[in-house]
Amino acid sequence: VEKINIIDTWLKKHRLIYVGATRHPFILSIRDGTVNLSSFKTWLGQDYIFVRAFVSFVASVLIKAWKESDDSGGDMEVLLGAMAALNDEIQWFKNEASKWGVQLSDIIPQKANKDYCRFLESLMSSEVKYTVAITAFWAIEAVYQQSFAHCLEDGTNTPSDLQATCLRWGNDGFGQYCHSLKQIVNRRLAKASDDEIKKAEVALLDVLEHEVEFWNMSCGGA
Ligand code: HMH
């Protein structure tokens with residue numbers, strides 16, 4: 001089995017679910033301008049809660065990197081940059097929520113969100129290896145990067161007041177950052193045991209399923 005780029009092998013193998021997560025009807029509705037604004041606001045409020053859990057997860061990945069990775073690939077710097085970006089992101093959510101009249105203190109996490117946060121928490125366990133956790137981390141970021149970049153392509157009809165949201169994850173810098181994460185993951189997987197590789201593949205599939213459910217929840221409105 002080719003071990004240089006396991007991620008691309010997996011993305012081919014799991015193409016349908018990957019496309020389901022990155023070309024979801026919610027994203028397609030942003031892209032063609034038919035998005036329901038109540039769905040968008042639901043997504044915004046729920047994602048703010050998700051991102052707060054996500055910060056804790058990234059902190060746990062950083063701890064695993066410190067314990068398990070040698071210093072050669074700059075893993076810690078990439079993860080520290082991610083944490084700094086999430087600091088901005090939390091502030092961005094607060095500003096955006098006040099723009100859209102979404103009261104963040106009133107948001108009750110919905111089932112798909114709670115399930116996803118619980119999954120993140122399971123990956124924070126010290127039993128979970130760095131390689132597995134960073135595979136999930138890359139997948140979580142890559143789904144948003146791919147989804148929102150799709151809304152910014154030429155010929156799309158993305159509403160102008162949603163452009164800033166799409167740019168947050170769809171900009172080239174975020175694309176570069178996802179690429180760095182992917183390289184870290186491929187480098188780790190190339191050296192990993194069969195058991196770790198299997199667990200990392202399962203973690204990728206779990207992320208993709210949770211992402212689909214998260215978009216589904218947002219479409220549900222309310
Ligand atoms: C649900 N997945 C979800 N929310 C996010 N903010 C990201 C991924 C990427 O940061």
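Details of the structure are given in the entry above.
Presented here is a report on the structure given in the accompanying data block. (Residues numbered from 1 in each chain as written. Predicted model: local features only at pLDDT ≥ 70, side-chain atom pairs only at ≥ 80, totals over all residues. Heavy atoms only, no water.)

## Digging into the packing of helix 2 (residues 15-22) against helix 10 (residues 194-219)
For the pair helix 2 and helix 10, interaxial distance at closest approach is 8 Å and the crossing angle is 35 degrees. Where helix 2 crosses over helix 10, the two elements pack in a sense that is left-handed. Taken together, the residues of helix 10 that come into contact with helix 2 (itself represented by Ile-17, Tyr-18, Gly-20 and Ala-21) are Leu-205, Leu-208, Glu-209, Glu-211, Val-212 and Trp-215. When grouped by side-chain class, the residues that make up the contact of helix 2 with helix 10 number seven nonpolar, one polar and two charged. (Axes fitted to C-alpha atoms, helices over the stretch in contact; angles between N-to-C directions. Helix = DSSP H or I, 4+ residues; strand = E, 2+ residues; numbered from the N terminus. Left-handed = near helix turned anticlockwise from the far one by under 90°. Contact = heavy atoms within 4.5 Å. Nonpolar A, V, L, I, M, F, W, Y, C, P; charged D, E, K, R; others polar.)

## Quick notes on a nonpolar patch on the surface
Residues Ile-63, Trp-66 and Met-76 make up a contiguous nonpolar surface patch of roughly 340 Å² in combined accessible area. Counting through the fold element by element, Ile-63 comes out in helix 4 (residues 37-68). (Patch = residues over 30% accessible without salt bridge, like charges linked within 9 Å, V, L, I, M, F, W, Y side chains within 5 Å. Areas by Shrake-Rupley, 256 points an atom, 1.4 Å probe, with all protein chains shown as cover. Salt bridge = Lys/Arg side-chain N within 4 Å of Asp/Glu carboxyl O.)

## Quick notes on the environment of Trp-10
Along the polypeptide, Trp-10 turns up in helix 1 (residues 6-13). The buried category is assigned to Trp-10, whose relative accessible area is 5%. Residues contacting Trp-10, with those up to four places away along its chain left out, are Thr-135, Leu-189, Ile-197, Ala-200, Glu-201 and Leu-204. (Buried < 20%, exposed > 50% of the residue type's maximum accessible area, 1.4 Å probe, protein only.)

## Describing the nonpolar core
Counting 76 residues, the largest nonpolar core has Trp-43, Phe-57 and Phe-137 as its most contacted members. Counting residues per element, this core draws most heavily on helix 4, which supplies 14 residues. If near-sequence neighbours (up to four positions away) are discounted, Trp-43 is found in contact with Phe-26, Phe-93, Tyr-144, Phe-148, Thr-165, Trp-169, Phe-214, Trp-215 and Ser-218. (Core = buried A, V, L, I, M, F, W, Y, C linked by side-chain atoms within 4.5 Å.)

## Quick look at the packing of helix 4 against helix 6 (residues 111-123)
In a pair of packed helices, the angle between the axes and the distance between the axes together describe the arrangement. Running from N to C, helix 4 and helix 6 point in directions that differ by 10 degrees, and their axes come no closer than 9 Å. Here helix 6 runs roughly parallel to helix 4, going by the angle between their axes. Packed against helix 4, whose contacting residues are Gln-46, Ile-49, Phe-50, Ala-53, Phe-54, Phe-57 and Lys-64, the element helix 6 presents Asn-113, Tyr-116, Cys-117, Leu-120 and Leu-123 at the interface. Tallied by class, the residues present in the contact of helix 4 with helix 6 amount to nine nonpolar, two polar and one charged. (Parallel < 35°, antiparallel > 145°, perpendicular 65-115°, else oblique.)

## Here we look at the pattern of salt bridges
Opposite charge on two side chains allows them to pair when their charged atoms are near. Applying the stated criterion to the full structure yields eight salt bridges. Its salt-bridge partner being Glu-201, residue Lys-13 comes within 2.7 Å of it at the nearest N-O pair. Pair noted here: Lys-13 is in helix 1 and Glu-201 is in helix 10, with a separation of 188 residues, a long-range link. Taking relative accessible area as the criterion, Lys-13 reaches 56% and is therefore assigned exposed. Judged by its relative accessible area of 12%, Glu-201 falls in the buried class. Each of Lys-111, Asp-115 and Arg-118 takes part in one network of salt bridges that share partners.

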